[in-house]
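Here's the letter readout for the chains.
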Amino acid sequence: MKRIIFISALLLTILCANAQTKAKVYNESINPDTQITEAIAKASSDGKFVVAQLGGNWCKWCIRFAKFVENDPEIKKLVDDNFEFIHVNYNPRNPEASTDQEATAAALKRLGNPVRFGFPVLIILNAEGNVIHTQDSGFLESGEGYDKEKVIRFFETWTPEAVKKASNL
């Protein structure tokens, strides 16, 4: 009986881990340039900034970061209160797989061509759509995940209020 329970628990663990790695947070069919335009319009009307998480469903660290933000109530509230958070799909291994290569190229240019930072890369855009910061997410990692204090500090540093205070110095 113990063996059956152990094997069942092991199979459940494997299935859950497999489901987590197959989770999709990036919409691979959306026009990324339009996605950014719509996020800027919404953020501007709400007095927020945009966080564009560039990466893809192929990237386990991209999925981890998205889930980390979504599943931590404190971080989620901080993000929801200050940002329009979008997941911009890009696959550097297969850029031709994009549904609209011109839109992808335009989106990358608009975001300051941040692919040199690895994935995911986080780009902060102000209410006018200007890139004000690009964050290599590797600096937010800890072990096989992300460091809560570092992530909170990153988001707090780039809220509209924090940027406004810094510009008034």
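Residues numbered from 1 in each chain as written. Predicted model: local features only at pLDDT ≥ 70, side-chain atom pairs only at ≥ 80, totals over all residues. Heavy atoms only, no water.

A closer look at the overall build of the protein
Keep this limit in mind: Here a strand is any run of E in DSSP of at least two residues, a helix any run of H or I of at least four, and the numbering for each starts at the N terminus. Burial here depends on accessible area, computed with a 1.4 Å probe over protein chains only, as a share of the maximum for the residue type. Under 20% is buried, over 50% is exposed, and the range in between is partly exposed. Accessibility throughout is a Shrake-Rupley quantity obtained with a 1.4 Å probe, and a residue counts as covered only by protein chains that appear here.
A tally of regular secondary structure across the protein gives 7 helices and 6 strands. Starting at the N terminus and walking to the C terminus, you meet the elements of the protein as α-α-β-α-α-β-α-β-β-β-β-α-α. Sorting the 169 residues of the protein into buried and exposed places 38% on the buried side. Only carbon and sulfur atoms are counted for the fraction: they give 54% of the accessible area of the protein, which is about 9,900 Å².

Here's the deal with the pairing of strand E1 (residues 49–55)
The condition that has to hold: DSSP-based pairing: two strands are paired if at least 2 bridges between them are found.
Within E1, 7 of the 7 residues are buried, which leaves the element mostly enclosed by the surrounding structure. Neither face of E1 is exposed, since Phe-49, Val-51, Gln-53 and Gly-55 on one face and Val-50, Ala-52 and Leu-54 on the opposite face are all buried. Of the pairings in the sheet, the one linking E1 to strand E2 (residues 83–89) comprises 7 bridges and is parallel in character. Residue pairing for E2: Leu-54 is matched across the bridge by Val-88. In this sheet, strand E3 (residues 121–125) lies alongside E1 in antiparallel orientation, the contact comprising 5 bridges. When the sheet's bridge partners are listed, Val-51 is paired in E3 with Ile-124.

Considerations on the side chain of Lys-48
Applied cut-off: We count Lys and Arg on the positive side and Asp and Glu on the negative side, and we leave His and both chain ends out. Each reported salt bridge corresponds to a side-chain nitrogen of Lys or Arg within 4 Å of a carboxyl oxygen of Asp or Glu. Polar contact is the term for a pair of N or O atoms within 3.5 Å; when the atoms are in protein, one must be able to donate a hydrogen and the other to accept it, and sequence-neighboring residues count only if both atoms are side-chain atoms. Contacts are assigned to residue pairs with any non-hydrogen atoms lying within 4.5 Å of each other.
Looking at the element boundaries, Lys-48 is found in the loop between helix H2 (32–46) and E1. One buried charge, Lys-48, has no salt-bridge partner; the nearest side chain with opposite charge is Asp-46, at 4.7 Å. One polar contact links the side chain of Lys-48 to the main-chain carbonyl oxygen of Asp-80, over a distance of 2.6 Å. When sequence neighbours within four positions are dropped, the list of residues in contact with Lys-48 reads Ala-43, Asp-80, Asp-81, Asn-82, Phe-83, Glu-84, Ala-127 and Pro-160.

Some words on the sheet that holds E2
The strands making up a sheet associate through hydrogen bonds between their backbones, and the pairing can be parallel or antiparallel. The cut-off we apply is this: Axis lines are fitted through C-alpha atoms, for helices just across the contact stretch, and the angle between N-to-C directions can take any value from 0 to 180 degrees.
Across the sheet, which stays open at both edges, the 4 strands sit in the order E2-E1-E3-E4 with mixed pairing between neighbours. Looking at which strands have only one partner, the edges of the open sheet turn out to be E2 and strand E4 (131–136). Strand-to-strand twist across the sheet, computed as the mean angle between neighbouring axes with direction ignored, equals 20 degrees.

Considerations on the packing of helix H3 (residues 60–71) against helix H6 (residues 148–157)
Note the threshold: Angular relationships are summarised with four words: roughly parallel below 35 degrees, roughly antiparallel beyond 145, roughly perpendicular across 65 to 115, and oblique for the angles in between. Gly counts as polar in this scheme, as do all residues outside two lists: the nonpolar Ala, Val, Leu, Ile, Met, Phe, Trp, Tyr, Cys and Pro, and the charged Asp, Glu, Lys and Arg.
Where H3 meets H6, the closest approach of the two axes is 12 Å, and the angle between their N-to-C directions is 80 degrees. One finds that H3 runs roughly perpendicular with respect to H6. Taking contact as the criterion, the partners of Phe-65, Phe-68 and Val-69 in H3 are, on H6, Lys-148, Val-151 and Phe-155. Among the residues making up the contact of H3 with H6, the classes are represented as 5 nonpolar, no polar and 1 charged.

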